[in-house]
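Residue-level structure breakdown
What follows is the residue order along each chain.
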Amino acid sequence: TELEKLERLQGKILCSLLELPKTTPYWGLLNEVGIWSVKWRLAYRKLMLFVNIMQSDDGRLAKEIVKQQKGEEGSFYEDVQQLARELGVMEIENMEKEQLMRRIKEVPWFVDK
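A few points on the structure. (Residues numbered from 1 in each chain as written. Predicted model: local features only at pLDDT ≥ 70, side-chain atom pairs only at ≥ 80, totals over all residues. Heavy atoms only, no water.)

A separate point is the packing of aromatic side chains. One pass over the full model with this rule turns up four aromatic pairs. With a centroid separation of 5.4 Å and an interplanar angle of 70 degrees, the aromatic rings of Tyr26 and Trp27 are classed as edge-to-face. Residue classification places Tyr26 among the buried residues on the basis of a relative accessible area of 17%. Relative to Tyr77, the ring of Phe50 lies with its centre 5.8 Å away and its plane at 65 degrees, an arrangement referred to as edge-to-face. With Phe50 in helix H3 (residues 38-54) and Tyr77 in helix H5 (residues 76-87), the pair connects residues that are 27 residues apart, well separated along the chain. Overall, Phe50 belongs to the buried group, its relative accessible area being 0%. Members of the aromatic cluster, joined through ring pairs, are Phe50, Phe76 and Tyr77. (Phe/Tyr/Trp six-rings, centres within 6.5 Å; stacked < 30°, edge-to-face > 60°. Buried < 20%, exposed > 50% of the residue type's maximum accessible area, 1.4 Å probe, protein only. Helix = DSSP H or I, 4+ residues; strand = E, 2+ residues; numbered from the N terminus.)

Written out as structure tokens, the structure reads:
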């Protein structure tokens, strides 16, 4: 429900800034303006955080914690793996940040999945 509230808030703010009627369809507005939905922006940031952690030094505590979460349902590691599968990205652990960014931009983000 918090995500839905944030999506509604983003829609209201965009309508207010662009002086559009409040009844303007949210997804059409995002598509026209070229702005990601809150859901996709959060997913993108989660994926980028994962890649940054996995590319960091081996002695980093955060990297060790994320690696230990492998196979634990509901963990950060498994959430990222699910997002990667939805995007059709395999081997996200070994991807370069730029490569992942290109792949994410190819996804039709304006379609709520």
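The discussion continues.
In this structure, Leu47, Phe50, Leu87, Val89, Ile92, Leu100 and Ile104 are the most contacted members of the largest nonpolar core, which totals 22 residues. Contributions of two or more residues to this core are made by H3, H5 and helix H6 (97-106). What Val89 contacts, discounting residues up to four positions off in sequence, is Ala84, Met95, Leu100 and Arg103. (Core = buried A, V, L, I, M, F, W, Y, C linked by side-chain atoms within 4.5 Å. Contact = heavy atoms within 4.5 Å.)

It is at 9 Å that the axes of H3 and helix H4 (residues 61-68) come closest, and there the two elements cross at 110 degrees. Relative to H4, the element H3 lies roughly perpendicular. By crossing handedness, the relation of H3 to H4 is classed as left-handed. Each of Phe50, Ile53 and Met54 in H3 lies in contact with H4, whose residues at this interface are Ala62, Lys63, Val66 and Lys67. When the residues that make up the contact of H3 with H4 are grouped by side-chain class, the tally is five nonpolar, no polar and two charged. (Axes fitted to C-alpha atoms, helices over the stretch in contact; angles between N-to-C directions. Parallel < 35°, antiparallel > 145°, perpendicular 65-115°, else oblique. Left-handed = near helix turned anticlockwise from the far one by under 90°. Nonpolar A, V, L, I, M, F, W, Y, C, P; charged D, E, K, R; others polar.)

This part covers the packing of helix H1 (residues 2-17) against H3. Running from N to C, H1 and H3 cross one another at 115 degrees; their axes reach a closest spacing of 9 Å. For the pair H1 and H3, the contacting residues are Leu3, Leu6, Glu7 and Gln10 in the first and Val38, Lys39, Arg41 and Leu42 in the second.

Residue position: Leu18 is located in the loop between H1 and helix H2 (26-33). The exposure class of Leu18 is partly exposed, given its relative accessible area of 42%. Distance from Leu18 to Val33, taken between C-alpha atoms, is 9.9 Å for residues 15 residues apart in sequence. Once residues within four sequence positions are removed from consideration, Leu18 is found in contact with Leu29 and Val33.

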